[in-house]
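# Structure at a glance
Chain by chain, the residues run as shown.
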Amino acid sequence: MLKDIDYILWTGDLPPHDIWNQTKEYNLNVIRTTIEMVIKAFPDTPIFPAIGNHEASPSGNFAPPWMKDTSHSTSWIYNELGKSWSRWLPQATNNTVHRGAFYSVLLRPSFRLISINTNYCHSLSWWLLVNSTDPASELKWLVNQLQHAENKGEKVHIIGHIAPGSSDCMKIWSRNFYEIVHRYESTIKALFYGHSHADEFEVFYETTEYSRPTAVAYLAPSVTTYTNYNPAYRIYYIDGDHEDSTRANHETWTFDLETANVPNNEPLWYKLYSAKEAYRMASLRPEQWNNLIDNMVTNEERFEEFYRNYYRNSPVTPSCDTNCKVQILCDLKAAKSNSRHQLCHELETIFKTN
Ligand SMILES: [Zn+2]
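Scoring rules and cut-offs
Residues numbered from 1 in each chain as written. Predicted model: local features only at pLDDT ≥ 70, side-chain atom pairs only at ≥ 80, totals over all residues. Heavy atoms only, no water. UniProt positions renumbered as here; feature names shortened; annotations may be inferred. Helix = DSSP H or I, 4+ residues; strand = E, 2+ residues; numbered from the N terminus. Disulfide = S-S within 2.5 Å. Buried < 20%, exposed > 50% of the residue type's maximum accessible area, 1.4 Å probe, protein only.

A few words now on the UniProt feature "domain: Calcineurin-like phosphoesterase" (unreviewed entry) in the protein chain. In this structure's numbering, the residues bearing the UniProt feature "domain: Calcineurin-like phosphoesterase" (unreviewed entry) are residues 4-198. Strand forms 14% of residues 4-198 and helix 33%; the C-alpha atoms that close the span are 26 Å apart.

The next subject is the state of the cysteines. Under the counting rule described, the total for this entry stands at three disulfides. Put simply, Cys121 and Cys169 are joined by a disulfide, and their sulfur atoms are 2.3 Å apart. The sign of the S-S torsion, about -135°, decides the handedness of the disulfide formed by Cys121 and Cys169: left-handed. Taken as a pair, Cys121 in the loop between strand S4 (111-115) and helix H4 (138-152) and Cys169 in the loop between strand S5 (155-159) and helix H5 (171-183) lie far apart in primary sequence, 48 residues in all. Considered together, Cys121 and Cys169 belong to a single accessibility category, that of buried residues. With a sulfur-sulfur separation of 1.7 Å, Cys330 is cross-linked through a disulfide to Cys344. Across the S-S bond linking Cys330 and Cys344, the dihedral sits near -50°, which makes this disulfide left-handed. Taken together, the residues span a long stretch of sequence, with Cys330 in helix H10 (residues 322-333) and Cys344 in the loop between helix H11 (340-343) and helix H12 (345-353) at a distance of 14 residues. The burial state of Cys330 is the same as that of Cys344; both residues are buried.

Put into structure tokens, the structure is as follows:
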């Protein structure tokens, strides 16, 4: 077992995706059971969670805090998570966890972790049809946190569930978030998400020419196999405050589901790849991820390796034609949703003219 890890990032979606079978009681039971299992495996390791869309019932149904009617309100999840998360989080986070399952903690001197509730940008949350302007004042709160961090010279990691470039994240929220990341590019060092289940990333750019990379969001591969994936988890190595240090890296572990399912077999975890080595990167800085995207346009072998990792070497990986390749590469360039015309135009042109 991994005894030497400092802390765990847990990016949500604890219930399975059998959405028509879900009830509040069912979800609460899954949340409690899952948390118990993780604590049993990691009794002494701090865990920093973010909330997923499947924690709600019906899935994705997150009423803003102004909805006090208990038959609609989301307080039943926030109260439950408030109770479970309090074992890892300082008391000062109580207020925002109960308001909307988001919080900010100082992990080390000058190093802050901010967990956001991305369900307030989820395009399947019908509450946003009533009012989609920053429900729970979460983005306003985020800006305050980042300003505070900047004033104090802190560096920040942001975790959440739905990455801002996902088509599941509403356009306006996503655009505002992108602007925030641009404004605080020297404070935000990395972002971490789940939701897509694939192993991918999203690069942010400055918002004038969209050419200089400013940040990178890691969408870590899921434990769930849904769909066609082998289960996986990821280990991140981070640098601390050494600006030019090259220690940062990440490695991804998986097992072959088909072999593990043979009677009497056990899952046999193995290291699938390390980012810097697999993708020939000098560091994990945003410009290196941008270079990797450029590289994959022409270097077929590099793209194939990325695509293998995207599915964790799964024997049922679908084949990927040119359209599929363009789609995947465009997703990597688009940390802002519904903005392909802006962020992917150049890349699409290359493929059209080839
Ligand atoms: Zn999700």
